[in-house]
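As a plain string of letters, each chain reads:
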Amino acid sequence: DAFTLTVNKLNQSALSISSGSSVMYGSSYTAETSGGSGTGAVTFALVPGGTGEATINSATGMLTITKAGTIKLKALKAEDDHYLETSSPTFTLTVHKADQADLFITSSNEMVFEEAYTASATGGSGTGGLSYAVVSGGSGAAAINEDTGALTVTHAGTILIKVTRAGDNNWLQKVSEPVEITVHKAQQAPIAFTSGSSIVYGQAYTVKAACGKGTGA
């Protein structure tokens with residue numbers, strides 16, 4: 001009688017993801033593998049449970065990251081004529097938040113006392129809100145609305161201000177370099193004499209004036 005010999009497929013050697021375990025948000029990342037056996041194609045998939053968010057090209061392993069955090073993934077090597085299918089252990093990739101682009105105050109660097117002044121800024125990255133602050137070291141005195149950038153000056157001179165863009169899911173906090181605002185003294189209103197324009201000889205007379213501004217004598 002004919003004899004039938006059944007040749008079973010072998011288990012593949014251990015398969016693992018060998019690419020780096022961390023990446024900066026905004027940088028490219030492609031998963032790579034080592035191990036496995038045979039000619040079966042390697043594919044990739046995300047595994048639930050990470051704190052970040054991404055999609056992956058199953059054929060190439062190219063990752064598109066939309067939120068920093070941890071991304072879990074695995075690789076699968078298909079069976080072929082000689083080897084069974086195998087998969088890698090779950091691999092954890094840590095996606096770090098990135099530094100924002102440079103942040104600048106763009107509003108004028110000078111003003112006149114009592115004029116309206118609102119700071120404005122450009123730059124930074126992400127969705128974090130802007131907040132403004134006065135920095136110590138100027139010769140003048142002022143307060144600033146941290147949300148709107150409106151400056152209230154109480155003493156002319158130089159005022160140092162900075163702006164901060166908050167961090168978000170993908171970007172670290174960014175603080176601008178301080179900018180010096182020169183606050184020039186304002187012109188006083190005209191002075192008008194209010195005392196009488198005539199007197200009788202021998203009477204006392206005191207000169208009186210109105211208007212002007214400030215505390216000057």
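These numbers were taken from a predicted model, which means no experiment stands behind them.

Caption draft 1: A look at the overall build of the protein. Within the protein, the secondary structure is distributed over zero helices and 21 strands. A globule of 217 residues ought to have a C-alpha radius of gyration of about 17 Å, yet the protein, at 36 Å, is considerably larger. With respect to the three principal axes, the spread of C-alpha positions in the protein is 155 × 20 × 20 Å. Burial statistics for the protein: of 217 residues in total, 28% are counted as buried. A fraction of 53% describes how many contacts in the protein between residues 6 or more apart in sequence connect residues 24 or more apart. The average position of the 12 basic charges and that of the 17 acidic charges among the side chains of the protein differ by 10 Å.

Caption draft 2: Seen up close, the environment of glycine 149. Structurally, the position occupied by glycine 149 is in the loop between β15 (141–144) and β16 (151–155). You can call glycine 149 buried: its relative accessible area is 0%. Sequence-wise, glycine 149 and alanine 121 are 28 residues apart; in three dimensions their C-alpha atoms are separated by 9.3 Å. Those residues in contact with glycine 149 that lie beyond four places of it in its chain are Tyr117, Thr118, Ala119, Tyr132 and Ile144.

Caption draft 3: Region of interest: the nonpolar core. Residues Tyr29, Leu63, Ile65, Ile71, Leu73, Leu93 and Val95 are the most contacted members of the largest nonpolar core, which totals 20 residues. At the level of secondary structure, the elements contributing two or more residues to this core comprise β1 (15–17), β6 (53–56), β7 (62–67), β8 (69–77) and β10 (91–96). The contacts of isoleucine 65, once residues within four sequence positions are left out, are Val23, Tyr25, Glu53, Ala54 and Val95. Leu103, Tyr117, Ala119 and Ile181 belong to the second-largest nonpolar core, a separate cluster that totals 14 residues.

Caption draft 4: Representation of the environment of lysine 174 in the model. Tracing the sequence through the fold places lysine 174 in strand β18 (residues 174–175). Note on lysine 174: relative accessible area 23%, which makes it partly exposed. Remark: the alpha-carbon pair of lysine 174 and leucine 5, spanning 169 residues in sequence, is separated by 70 Å. Setting aside residues up to four positions removed in sequence, lysine 174 forms contacts with Gln100, Ala101, Asp102, Leu103, Val163, Thr164 and Arg165.

Caption draft 5: Focus on the sheet that holds β7. Pairing is antiparallel in the open sheet, where three strands are placed in the order β3-β7-β6. Two strands close off the open sheet at either side, each with one partner strand: β3 (29–30) and β6. Pairing of β6 with β7, which is carried by four bridges, proceeds in the antiparallel orientation. In the strand pairing of β7, threonine 55 is matched with threonine 64.

So, how was this worked out
Residues numbered from 1 in each chain as written. Predicted model: local features only at pLDDT ≥ 70, side-chain atom pairs only at ≥ 80, totals over all residues. Heavy atoms only, no water. Helix = DSSP H or I, 4+ residues; strand = E, 2+ residues; numbered from the N terminus. Rg over C-alpha atoms; globule rule 2.2 N^0.38 Å. Buried < 20%, exposed > 50% of the residue type's maximum accessible area, 1.4 Å probe, protein only. Contact = heavy atoms within 4.5 Å. Lys, Arg positive; Asp, Glu negative; His and termini not counted. Charge placed at Lys NZ, Arg CZ, Asp CG, Glu CD. Core = buried A, V, L, I, M, F, W, Y, C linked by side-chain atoms within 4.5 Å. Pairing = 2+ DSSP bridges.

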